[in-house]
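Structure assessment
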Amino acid sequence: MSELKTYAVWDAGTRWFHWINALCVISLAVAGFLILNASAIEVPNTGKVTLKTVHVWIGYLFVLNLLWRIVWAFFGNRYARWRAVLPGGRGYFLALRSYVVAFIAGDPEQYVGHNPAGRLGIAVLFLLLTVMAITGLVLAGTDLFYPPLGHWIAQWVAAPDVAPATLKPYAPEMYNTAAYESMRAFRKPIALVHLYSFYTLLVVVVLHVAAVIVTELREGGSIISAMFTGRKIISGRPVDEEHGSHD
């Protein structure tokens with residue numbers, strides 16, 4: 001029987017990002033669901049503004065956390081860096097083929113960091129998170145006149161006799177009607193991308209959780225607990241561990 005060894009894998013920066021991101025996505029999903037169904041559940045305009053305000057502030061935390069992870073991918077440990085997280089690089093496709101063949105055969109290869117298939121999933125997650133962040137920031141400006149674009153949106157739609165800084169959501173008497181309609185036309189495709197990216201993200205998150213559970217059952221390696229402790233317990237020699245730290 002192979003000896004069990006403990007390997008340091010996810011550093012504190014990576015673990016904090018993961019759980020803050022998970023909480024943000026869940027909170028944004030709940031707030032977003034209420035916003036989408038506000039009319040059906042007869043939420044007044046003041047309530048809609050409150051929901052959107054909460055959604056935006058959580059969104060700011062979500063964006064800052066994502067920016068932190070992007071920066072940390074240049075400074076974190078070897079398993080947190082881009083070359084170990086995203087697909088690609090020398091030998092990647094051979095490694096992916098080897099991993100898939102071994103997994104199907106019932107003798108999966110073990111990795112300390114992300115396995116080659118997992119790196120594909122992480123790339124999709126990062127792409128969707130980035131799209132959600134960018135479109136969300138634009139919508140914050142069009143809905144509530146919040147930064148970073150709210151100042152320019154307010155100048156765009158304010159009526160001639162209204163100071164842009166005083167604009168309020170759901171106050172059509174303060175808007176230039178033609179400019180407001182033009183802004184809403186600009187907003188519409190961005191809102192659709194935001195919405196359908198969110199639906200896609202939900203599907204990918206479910207697949208991500210399912211893949212983690214299946215991999216844990218097939219390979220072991222304490223994948224789930226490692227995102228709390230930062231360490232994996234693995235039998236045998238991991239494919240991606242040459243000179244790494246283990247106990």
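Below or above, wherever it landed, is the structure these notes cover. (Residues numbered from 1 in each chain as written. Predicted model: local features only at pLDDT ≥ 70, side-chain atom pairs only at ≥ 80, totals over all residues. Heavy atoms only, no water.)

Let us now look at the overall build of the protein. Tallying secondary structure elements over the protein gives 8 helices and 2 strands in all. Each helix and strand of the protein, ordered N terminal to C terminal, gives the series β-α-α-α-α-α-α-α-α-β. Dimensions of the protein, computed from C-alpha atoms along their principal axes, come out at roughly 80 × 35 × 30 Å. Counting every position in the protein, which comprises 247 residues, the buried fraction comes to 40%. On the protein, roughly 14100 Å² of surface is accessible, and the fraction owed to carbon and sulfur atoms is 69%. (Helix = DSSP H or I, 4+ residues; strand = E, 2+ residues; numbered from the N terminus. Buried < 20%, exposed > 50% of the residue type's maximum accessible area, 1.4 Å probe, protein only. Areas by Shrake-Rupley, 256 points an atom, 1.4 Å probe, with all protein chains shown as cover.)

The next subject is the pattern of salt bridges. Opposite charge on two side chains permits pairing when their charged atoms draw close. Going through the model one piece at a time under the given rule, you end up with 3 salt bridges. Between Asp143 and Arg184 there is a salt bridge, with the nearest N and O atoms lying 3.9 Å from each other. With Asp143 in helix α5 (residues 116–144) and Arg184 in helix α7 (residues 177–219), the pair connects residues that are 41 residues apart, well separated along the chain. Take Asp143: its relative accessible area is 16%, and that puts it in the buried class. Under the relative-accessibility criterion, Arg184 is labelled partly exposed at 33%. The partner of Arg187 in a salt bridge is Asp143, and the shortest N-O contact between them spans 2.8 Å. With Arg187 in helix α7 and Asp143 in helix α5, this residue pair connects regions lying 44 residues apart in the sequence. Among the residues examined, Arg187 registers a relative accessible area of 14% and is labelled buried. (Salt bridge = Lys/Arg side-chain N within 4 Å of Asp/Glu carboxyl O.)

Further remarks concern a nonpolar patch on the surface. There is a patch of nonpolar side chains on the surface, built from Trp19, Val205, Val209, Ile213, Leu217, Ile224 and Phe228 and spanning about 650 Å² of accessible area. Mapped onto the nonpolar patch, the elements with two or more residues apiece are α7 and α8 (223–229). Among the elements that line the nonpolar patch, the one with the most residues is α7, at 4 residues. Positionally, Phe228 belongs in helix α8. (Patch = residues over 30% accessible without salt bridge, like charges linked within 9 Å, V, L, I, M, F, W, Y side chains within 5 Å.)

What follows is about the environment of Thr14. On the secondary structure map, Thr14 appears in helix α1 (residues 12–36). The sequence separation of Thr14 and Leu127 amounts to 113 residues, and the corresponding C-alpha distance is 17 Å. Ignoring sequence-local partners within four residues, the contact set of Thr14 consists of Arg69, Trp72 and Ala80. (Contact = heavy atoms within 4.5 Å.)

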